[in-house]
Amino acid sequence: MAILIANIGTSDLTVNVDDYYFPIGFNRNEPNIDDSDLTPDEDVAWRNRREFVEQILCQELNVKPFTFRNLTHKLRDAYQQQPEAWHSRIRPGRIWGTLVEAQEKFKVRTVYIFITNQPPGPGHDLDSVYLFDILNQWFQAELGDTIQLIPVPIPATVSPIDQDGLLYEYYQFFSQLNPQEELLISIKGGTPQMQTALRVQAMSSEIGKQLFIEPHLSIKNVLAGKYSDCHFISYWQYRRTKTYQTVKLLLDKRWDFNGTVEILKAWKGVLKFLKPYISDQKLVEEDHLIAKVIQNLDIAIHCFNLDSKTVNQSIQSSQLQLSSQLVKQVSSYNRLLNLYTQCRIYWKLNQVANFLTGMSSFYEETLYQVNQRLNPEAYFVGDLQKWHLDTEVMRREMGEKLWEWFKELDDGHCAKLHPNNLRRQPRFQLMNRYLKRNFIQVLVKCRNLPEEDLFWQEMLTLLKRLDYWAIQRNHLIHSSDGVSKQRMWELWRSRSPKDTDACQPNHIQSVMSQILENGFGIVEDEWRQQFVGDQAKYYIYSEVKDWTIEQLLGQG
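Report follows, based on the coordinates.

So, how was this worked out
Residues numbered from 1 in each chain as written. Predicted model: local features only at pLDDT ≥ 70, side-chain atom pairs only at ≥ 80, totals over all residues. Heavy atoms only, no water. Axes fitted to C-alpha atoms, helices over the stretch in contact; angles between N-to-C directions. Helix = DSSP H or I, 4+ residues; strand = E, 2+ residues; numbered from the N terminus. Parallel < 35°, antiparallel > 145°, perpendicular 65-115°, else oblique. Left-handed = near helix turned anticlockwise from the far one by under 90°. Contact = heavy atoms within 4.5 Å. Nonpolar A, V, L, I, M, F, W, Y, C, P; charged D, E, K, R; others polar. Pairing = 2+ DSSP bridges. Core = buried A, V, L, I, M, F, W, Y, C linked by side-chain atoms within 4.5 Å. Buried < 20%, exposed > 50% of the residue type's maximum accessible area, 1.4 Å probe, protein only. Phe/Tyr/Trp six-rings, centres within 6.5 Å; stacked < 30°, edge-to-face > 60°. Lys NZ or Arg CZ within 6 Å of the ring centre and 35° of its normal. Expected span 1.5 Å × (residues − 1). Salt bridge = Lys/Arg side-chain N within 4 Å of Asp/Glu carboxyl O.

## Considerations on the packing of helix α7 (residues 163–175) against helix α8 (residues 192–204)
Part 1: The contact between α7 and α8 brings their axes to 9 Å, and the two run at 40°. Taken together, the axes of α7 and α8 are oblique relative to one another. When the axes of α7 and α8 are compared, the crossing they make is right-handed. Between α7, through Gln163, Leu166, Leu167, Tyr170, Tyr171 and Phe174, and α8, the contact on the second element is made entirely by Gln193, Met194, Thr196, Ala197, Leu198, Val200, Gln201 and Ala202.
Part 2: Across the contact of α7 with α8, the residue classes tally to 10 nonpolar, 4 polar and no charged.

Written out as structure tokens, the structure is:
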């Protein structure tokens with residue numbers, strides 16, 4: 001159920017004088033007022049409305065001197081003392097039509113109304129404090145408990161023309177509302193500064209589902225004591241731009257695809273809320289655009305989660321409308337390049353714990369990719385990614401000399417290589433990167449291909465430069481000192497002599513890049529040229545980010 005929030009002012013009260021209802025303080029001539037349907041008598045009455053109020057109504061109520069505040073004060077007292085005499089003579093002005101529309105379309109039961117009650121001085125004569133009492137009594141008599149008017153006083157210390165002060169007060173009000181509320185907003189009453197404050201803070205609030213109600217000023221209806229027709233204004237194009245600028249900031253600065261999806265889903269909900277009340281085909285087009293953009297963002301999210309299965313299922317769906325470049329990239333998805341790209345993003349965002357975890361995964365994936373290219377299937381049982389080594393096959397095919405070298409490289413660290421354990425279990429899983437790396441080294445020696453041996457020696461040198469950081473990862477993440485780039489530098493400067501191969505923290509990405517550029521070709525040349533290096537694009541994530549921003553903001 002929606003709530004109505006309104007300013008009130010001099011156009012929100014009319015009183016019957018000599019058969020016509022006159023606004024008691026509305027003296028300005030607004031642009032585009034249509035008075036073409038007035039009769040000659042109505043035209044004369046409207047042009048002389050101030051005289052009717054000051055000379056007849058003020059005399060009847062003994063108002064001296066005439067000000068809006070004095071007149072509403074006297075009228076409130078008279079209305080409270082003689083409601084039967086005054087009720088039929090009183091009509092709410094513009095706010096009447098606003099409230100009727102709010103109840104009919106949104107079943108509004110709660111109305112918050114900003115009121116002023118200033119000390120003597122500028123603005124005091126136009127205060128709406130007594131106007132609220134009159135309106136509240138009138139609506140209670142007409143609508144009973146179906147409506148509740150709640151006053152929201154502007155502090156006496158804040159002038160109704162103090163723009164900054166008013167912006168703060170309206171901000172305080174909106175910050176207390178439930179973000180899931182549906183809001184109807186009427187800004188017509190009050191000072192121009194109050195109108196600005198209400199509009200600005202409403203649109204700046206967390207509440208997405210909001211509509212502004214604009215009453216049409218019909219002089220004929222005012223004089224006849226009838227409420228005005230209204231129409232809705234959404235300012236949706238402004239709010240659209242504001243939303244998409246937030247999206248751009250999240251993607252450009254934070255690579256936050258999840259946060260972007262949440263923002264766009266909320267905006268999609270706003271568009272759904274607006275559709276019944278705003279006749280604009282562009283709302284439908286915008287809804288379709290958001291659905292398409294979310295589909296592309298979801299691909300990036302799946303890739304961040306290394307969920308290649310869901311990615312493949314997504315691109316095979318005929319209902320999706322994906323970027324053509326994105327389809328091309330994910331169709332030949334490279335897990336190693338994805339891990340490398342994530343590390344670049346994490347480092348840029350100072351997410352060091354994620355960076356180190358990603359680097360360790362990159363290390364493991366590199367070993368798997370190199371192993372795959374050496375045709376090792378005969379030595380393993382089942383899925384190569386499980387690294388289940390059959391030592392009997394290895395000894396038979398490679399020979400005892402290489403087998404002994406394999407054990408020598410391990411240097412007694414793996415208990416499963418102990419003869420007694422091997423007799424009981426000749427097949428076991430290579431669980432750590434050292435065993436995997438040692439196996440590759442022996443396999444390269446066995447294959448005896450000079451170029452392959454050269455590639456591996458280059459690769460091995462690079463991997464050893466990352467060993468120190470792979471070891472330190474758990475220590476850094478779980479230590480009481482926490483993890484940061486500064487902490488990494490402290491560790492690097494205090495490393496032991498046996499860790500002299502360790503690269504500097506700010507060189508880790510460079511080492512990873514060199515690994516991807518190694519002659520083993522673990523990344524396709526096309527992707528390596530586009531996505532490897534300090535200045536390279538960020539693989540799938542750049543495509544999704546740039547395409548999303550272009551779709552949302554490129555259309556102006």
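## Re the sheet that holds strand β9 (residues 230–233)
Part 1: What the 6 strands build is an open sheet, ordered β6-β5-β1-β7-β8-β9; its pairing is mixed. Each edge of the sheet is formed by a strand with only one pairing partner; in this case those strands are β6 (148–153) and β9. The sheet shows a mean angle of 25° between the axes of neighbouring strands, taken without regard to direction.
Part 2: Two elements, strand β1 (residues 3–7) and strand β7 (residues 183–186), share 4 bridges in a ladder whose sense is parallel. Paired with isoleucine 3 across the bridge in β7 is leucine 183.
Part 3: Relative to β9, helix α5 (residues 94–106) is tilted by about 70°, and along the sheet it contacts β1, β5 (110–115), β6, β7, β8 (210–215) and β9.

## Quick word on the packing of helix α10 (residues 236–254) against helix α12 (residues 281–304)
Part 1: Running from N to C, α10 and α12 cross one another at 10°; their axes reach a closest spacing of 13 Å. Classed by the angle they form, the pair α10 and α12 counts as roughly parallel. Between α10 and α12, the contacting residues are Trp236, Gln237, Arg240, Tyr244 and Leu251 on the first element and Lys282, Leu283, Glu286, Ile290 and Leu297 on the second.
Part 2: When grouped by side-chain class, the residues that make up the contact of α10 with α12 number 6 nonpolar, 1 polar and 3 charged.

## Some points on the nonpolar core
Part 1: Among the nonpolar cores identified, the biggest contains 157 residues, and Leu184, Phe257, Phe439 and Trp456 are the most heavily contacted of them.
Part 2: Other than its neighbours up to four places away in sequence, leucine 184 contacts Ala2, Ile3, Leu4, Ile5, Ala102, Phe106, Val108, Leu211, Ile213 and Phe232.
Part 3: Ranked by size, the runner-up nonpolar core spans 22 residues in total, among them Ile3, Val158, Leu166 and Met194.

## Topic: the sheet that holds strand β4 (residues 90–92)
Part 1: The antiparallel open sheet is built from 3 strands, whose spatial order is β3-β2-β4. At either end of the open sheet lies a strand with only one pairing partner, and these are β3 (20–23) and β4. Strand-to-strand twist of the sheet, defined as the mean angle between neighbouring strand axes without regard to direction, takes the value 30°.
Part 2: The pairing of strand β2 (residues 13–17) with β4 spans 3 bridges and is antiparallel. The residue bridging valine 15 from the neighbouring strand is isoleucine 90, located in β4.

## Concerning unusual backbone geometry
Part 1: Look at the link from lysine 64 to proline 65: it is a cis peptide, with omega at -15°.
Part 2: By the element assignment, proline 65 lies in the loop between α2 (49–61) and α3 (68–81).
Part 3: With a phi close to 55°, tyrosine 235 is a non-glycine residue in the positive phi region.
Part 4: As for its placement among the helices and strands, tyrosine 235 is situated in the loop between β9 and α10.

## Observations concerning the packing of aromatic side chains
Part 1: Under the criterion given, the structure shown has 32 aromatic pairs.
Part 2: Where tryptophan 489 meets tryptophan 492, the ring centres are 5.7 Å apart and the plane angle is 85°; that geometry is what we call edge-to-face. Pair noted here: tryptophan 489 and tryptophan 492 are both in helix α22 (residues 485–493), with a separation of 3 residues, about one helical turn.
Part 3: Three or more aromatic residues joined by ring pairs form one cluster here, namely Trp255, Phe257, Phe304, Tyr346, Tyr538 and Tyr541.
Part 4: Positioned over the ring face of tryptophan 46 is arginine 49, at 4.1 Å from the centre of the ring.
Part 5: A cation sits over an aromatic face here: arginine 433 above tyrosine 363, 5.6 Å from the ring centre.

## Focus: helix α25 (residues 539–553)
Part 1: In a regular helix each residue adds 1.5 Å, so 15 residues correspond to 21 Å; α25 covers 22 Å between its end C-alpha atoms and thus fits that length.
Part 2: Counting buried residues in α25 gives 11 out of 15 residues, a clear majority hidden from the surface.
Part 3: Looking at α25, one finds that the buried residues are Tyr539, Ile540, Tyr541, Ser542, Glu543, Val544, Lys545, Trp547, Thr548, Ile549 and Leu552.

## Focus on the pattern of salt bridges
Part 1: Applying the stated criterion to the full structure yields 28 salt bridges.
Part 2: We note a salt bridge from lysine 188 to glutamate 214, for which the minimum N-O separation is 3.8 Å. With lysine 188 in the loop between β7 and α8 and glutamate 214 in strand β8, the pair connects residues that are 26 residues apart, well separated along the chain.
Part 3: The class of glutamate 214 is buried, set by a relative accessible area of 10%.
Part 4: Two residues, arginine 437 and aspartate 467, come together in a salt bridge whose shortest N-O distance is 2.7 Å. Note that arginine 437 is positioned in helix α20 (residues 433–447) and aspartate 467 in helix α21 (residues 450–478), a separation of 30 residues in sequence. Taken as a pair, arginine 437 and aspartate 467 share a single burial class, namely buried.
Part 5: Here the salt bridges share partners, and the residues they tie into one network are Lys248, Asp252, Lys545 and Asp546.

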